[in-house]
Amino acid sequence: MFTVASTMIEFFKNSKLEGAYMLLFVLSIVILYVTGRDRNRFHVIFPVILILGVVCNPILVWILSMFFPVVRFYEPMTALIPILIYIPFGITELLDRMKPLRTKRILAVLLFLYVGICGNFFGLFAGNTMTSANRYDGQKQRIVEYLEQNADGPVLADEGILSFITAYGDDVPLIYGHDIMIINGDLGIMDGYDEELVVLHDMMWEPEKYMEQIAQVANKRGCDIIVVKHFEGAKKAEGAYRFALDDGDYLVYRRVG
Amino acid sequence: MNFADWKNIAGLICIIVLPYLSGNLLKTVIRKKEIGQISHSETYLLGFFLVFLVQGVYFTIGHLVMKESFDALCDGFFIVTVALAAVSVVALILNIILTHKERKEPVYRQEYKKSDIILMGITAVILVLICLRIIGIIDYIRDDYILPTVRITLSTGTVNEYNPITALPYRVGLTTSKKIVTLPVYYAYLCRTFGLEPVKLLYVVLTLQTVVCSYLACLLFVRSFIKQREKLYIYGIFFGGLVLSGDYFNRSISARLLWNGYAGSTITTAVMLPYMTYLIVSCYRTGRMAIADILRILLVTATSLFITGITYGALLIVITAGATLIGCLITGHREFDEEDGRPAVMES
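About the criteria used
Residues numbered from 1 in each chain as written. Chains lettered and ligands numbered in written order. Predicted model: local features only at pLDDT ≥ 70, side-chain atom pairs only at ≥ 80, totals over all residues. Heavy atoms only, no water. Helix = DSSP H or I, 4+ residues; strand = E, 2+ residues; numbered from the N terminus. Buried < 20%, exposed > 50% of the residue type's maximum accessible area, 1.4 Å probe, protein only. Contact = heavy atoms within 4.5 Å. Areas by Shrake-Rupley, 256 points an atom, 1.4 Å probe, with all protein chains shown as cover. Pairing = 2+ DSSP bridges. Phe/Tyr/Trp six-rings, centres within 6.5 Å; stacked < 30°, edge-to-face > 60°. Lys NZ or Arg CZ within 6 Å of the ring centre and 35° of its normal. pLDDT = per-residue confidence, 0-100. Patch = residues over 30% accessible without salt bridge, like charges linked within 9 Å, V, L, I, M, F, W, Y side chains within 5 Å. Salt bridge = Lys/Arg side-chain N within 4 Å of Asp/Glu carboxyl O. Axes fitted to C-alpha atoms, helices over the stretch in contact; angles between N-to-C directions. Parallel < 35°, antiparallel > 145°, perpendicular 65-115°, else oblique. Left-handed = near helix turned anticlockwise from the far one by under 90°. Nonpolar A, V, L, I, M, F, W, Y, C, P; charged D, E, K, R; others polar. Lys, Arg positive; Asp, Glu negative; His and termini not counted. Polar contact = N/O pair within 3.5 Å; in protein donor to acceptor, adjacent residues only side chain to side chain.

With that settled, consider the overall build of chain A. Of the regular secondary structure elements, chain A holds 11 helices and five strands. For chain A, the residues scored as buried account for 51% of the 257 residues in total. For chain A, long-range pairs separated by at least 24 residues make up 52% of all intrachain contacts whose partners lie at least 6 apart in sequence. Accessible surface computed for chain A: about 12300 Å², of which carbon and sulfur atoms make up 61%.

See below:
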């Protein structure tokens, strides 16, 4: 209940973070209220407040999430209406009230730059979305292509490369996917993972400590290939697996015999 | 240019143009007497929804009921697409003739001013920047199941038999709610039929289409309150700026638009929600809810079932529609409607 009760706060936090778009939205509402004619105010402001009050209402979300668990995860999406409709709408009305054309133009440019600064400045500072970990670069491509060519049976892979194998690898079977950590997600896949796989997944975070156990479980499960994060002191052979590839970020072991 | 390239181009034309053609089919069905009531933007959006609805119905029946193979489904849907396009072209011609006939007196139109053209140019530049941005992030991973599902459908030639995450055959399978989400199958059909690469289709073409449709849907809502062309262009410029800068966080709406524009949940939130809000508000402002309005609301709700599943899409849209309708009913302001009950000719 306390988690759900923070829905409204999470809504504002998730929409704001390093940006200030929710503040812009609040300012837009003030601008629209001040600049709008009396008879227009309710048409403009009341629906969005009602929508946000209903759709982001923690009580309603709590009730619905008892029947539809996925509802709890989608409150940030309702940020479209305040952000993409009302911020530009408020700015448009504000600029319309500016009388000298020169002032209007200068203010328009400044506001446009301010919108950029409130976000990631037109993509130049992309936060946690454009990092090397998220990029399908040559090194990851090499691993995925190796797996496509050599994997006959399931592959056990490190979390960091799982998504890339799933997205870019053609028919590379995985013993578990990146959804092993998704709880109550909306993928709709009813096939679950057993306890042994969850433990195996946890061990894969520290291959330098658990490589021997990883190899044992992987062999028991019929894995052909193991892909682990590169670590110092890795052996050339682990149980039934022999070292096959090192691309600097990952070590690849292949089962022999 | 080789044959594969021509197939690609045909596919792109189909994706971009078919919604507008299909929208004319709906425009003929729900035609209103006032000229311009269904604008080109709304025509495109209606066709956009209709294409998704048709694919949803077809692939759901074909796969779940008739148990057809993926290849057979694709061949059949190609025929359906051609038939839909053909009927839509007839509808387009009919609309042009009827529109010409109904215009018994010349409609006064404002000329485009120099400032309008400059603002239009800036809007176009922003759209190009968004396009470049979308292309620039093509190499970055999106953690979803749609691209893997498209790939596994293409490589195995089966529908919903393999887990897209692990590429292993399902032991149990999908929930019923997700079985009717045929969006990945439709995307796989486009790749197979027109030789399009899944990554480029999803991450660039469909994402850009969703961004444009989201802009059109938001613009429809705002056009209820803004009549001057210059103001609409200014709105569009700042909308574009927000989309360009808004993905500072991977769950923000701009991030969903730029990074997951092909996903059913994004289409529902970014296109259907504002369109539904516009429909309800405009119904209230005109003081009536005609059969045509109900049909459009049903179209949006039905489409959401096939692109997000029973749970999320329809639920969110129904809640939004209900909330907006309640809000509009409570306000009780009618003076604005008397003065502006008819759509205005664009002013400059």
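A few words now on the sheet that holds strand E5 (residues 250–255) of chain A. Residues and elements named next belong to chain A. Across the sheet, five strands lie side by side as E1-E2-E5-E4-E3; this open sheet has mixed pairing. Edge positions in the sheet fall to strand E1 (155–157) and strand E3 (237–238), since each has one partner strand and no second. Summarising the sheet, E3 and strand E4 (residues 241–246) pair through two bridges and their orientation is antiparallel. Looking at E4, one finds that glutamate 238 is bridged to tyrosine 241.

Another point: the packing of aromatic side chains. Taken as a whole and assessed by the stated rule, the structure comprises 25 aromatic pairs over all chains. Each ring, one from tyrosine 186 of chain B and one from tyrosine 189 of chain B, has its centre 6.2 Å from the other, and the planes form 20°; the classification is stacked. Of this pair, tyrosine 186 of chain B and tyrosine 189 of chain B both sit in helix H7 (residues 183–194), three residues apart, which is roughly one turn of the helix. For the pair formed by tyrosine 186 of chain B and tyrosine 189 of chain B, the shared burial category is buried. Feature note: the residues Phe48, Phe49, Phe52, Tyr58, Phe59, Phe77, Tyr186, Tyr187, Tyr189, Phe194, Tyr275 and Tyr278 of chain B constitute an aromatic cluster, connected by ring pairs. Geometry around phenylalanine 164 of chain A places lysine 140 of chain A over its ring, the cationic atom sitting 5.0 Å from the centre. Sitting over the ring of tyrosine 203 of chain B, arginine 142 of chain B keeps its end group 3.8 Å from the ring centre.

All names here are of chain B. Of all residues in chain B, 88% attain a pLDDT of 70 or more, and the chain-wide mean is 83. Within chain B, no element has a lower average pLDDT than helix H14 (residues 335–340), which sits at 44, and none a higher one than H7, at 94. Low pLDDT, under 50, characterises residues 333–348; the predicted model gives this stretch 39 contacts beyond four residues in sequence or across chains.

Turning to a nonpolar patch on the surface, a few remarks are in order. All names here are of chain A. A surface patch of nonpolar side chains, amounting to about 720 Å² of accessible area, comprises Leu23, Leu27, Ile106, Val109, Leu110, Leu113, Tyr114 and Ile117. Elements represented by at least two residues in the nonpolar patch include exactly helix H3 (21–35) and helix H7 (101–118). Looking at which element gives the most residues to the nonpolar patch, the answer is H7, with six residues. You can see leucine 23 is positioned in helix H3.

A separate point is the packing of helix H4 (residues 114–136) of chain B against helix H9 (residues 229–245) of chain B. All names here are of chain B. Two elements in contact, H4 and H9, have axes whose closest approach is 9 Å; the angle formed by their N-to-C orientations is 20°. The orientation of H4 relative to H9 falls into the category roughly parallel. When the axes of H4 and H9 are compared, the crossing they make is left-handed. Contact residues: H4 offers Ser115, Asp116, Leu119, Met120, Ile122, Thr123, Ile126, Leu129, Ile130 and Arg133, while H9 offers Arg229, Glu230, Tyr233, Ile234, Ile237, Gly240, Gly241, Val243 and Leu244. Tallied by class, the residues present in the contact of H4 with H9 amount to 11 nonpolar, four polar and four charged.

Residues and elements named next belong to chain A. Taking the residues that link successive antiparallel strands as the turn, the E3-E4 hairpin has two residues, and the phi of glycine 239 there is positive, at about 60°. Of the pairings in the sheet, the one linking E4 to E5 comprises five bridges and is antiparallel in character. In the sheet register, tyrosine 241 faces E5, and the bridge partner there is arginine 255. Between E4 and E5, which pair antiparallel and follow one another directly, the connecting turn spans three residues, one of which, glycine 248, has a positive phi of 95°.

Here we come to the pattern of salt bridges. For side chains bearing opposite charge, pairing can occur when the charged atoms are close. Taken as a whole and judged by the stated rule, the model has 21 salt bridges over all chains. Between arginine 221 of chain A and aspartate 194 of chain A there is a salt bridge, with the nearest N and O atoms lying 2.6 Å from each other. Here arginine 221 of chain A is found in the loop between helix H11 (207–220) and strand E2 (225–229), whereas its partner aspartate 194 of chain A is found in the loop between helix H9 (159–168) and helix H10 (195–203), with 27 residues between them in sequence. A residue is classified by how much of its surface remains accessible, and arginine 221 of chain A, at 29% relative accessible area, is partly exposed. Assessed through its relative accessible area of 35%, aspartate 194 of chain A is described here as partly exposed. Aspartate 247 of chain B is paired through a salt bridge with arginine 133 of chain B; the nearest N and O atoms lie 2.7 Å apart. One end of the pair, aspartate 247 of chain B, is in the loop between H9 and helix H10 (253–260); the other, arginine 133 of chain B, is in helix H4, with 114 residues separating them in the sequence. Linked through salt bridges whose partners overlap, the residues forming this network are Glu93, Asp96 and Arg97 of chain A together with Lys231 of chain B.

With five bridges connecting them, E2 of chain A and E5 of chain A associate as antiparallel partners. Bridge pairing in E5 of chain A links isoleucine 226 of chain A to tyrosine 253 of chain A.

This part is about the packing of H10 of chain A against H11 of chain A. Residue and element names in this part refer to chain A. At a closest axis distance of 9 Å, the pairing of H10 and H11 adopts a crossing angle of 150°. Taken as axis vectors, H10 and H11 run roughly antiparallel relative to one another. Our pair here, H10 against H11, has a crossing hand that is left-handed. Along the contact surface, H10 presents Glu196, Leu200 and Met203, while H11 presents Pro207, Tyr210, Gln213, Ile214, Val217 and Lys220.

The topology assignment puts aspartate 179 of chain A in the loop between H9 and H10. With 13 residues separating them along the chain, aspartate 179 of chain A and glycine 192 of chain A place their C-alpha atoms 9.5 Å apart.

Turning our eyes to something else, we now look at the side chain of aspartate 191 of chain A. Counting through the fold element by element, aspartate 191 of chain A comes out in the loop between H9 and H10. One buried charged side chain, aspartate 191 of chain A, makes no salt bridge at all; its nearest oppositely charged neighbour is arginine 171 of chain B, positioned 4.5 Å away. Within polar-contact distance, the side chain of aspartate 191 of chain A engages the backbone nitrogen of valine 172 of chain B at 2.6 Å. A polar contact is formed between the side chain of aspartate 191 of chain A and the backbone nitrogen of glycine 173 of chain B, at a distance of 3.0 Å. Sequence-distant contacts of aspartate 191 of chain A, that is, excluding residues within four places in its chain, are made with Asn163, Pro169, Tyr170, Arg171, Val172 and Gly173 of chain B.

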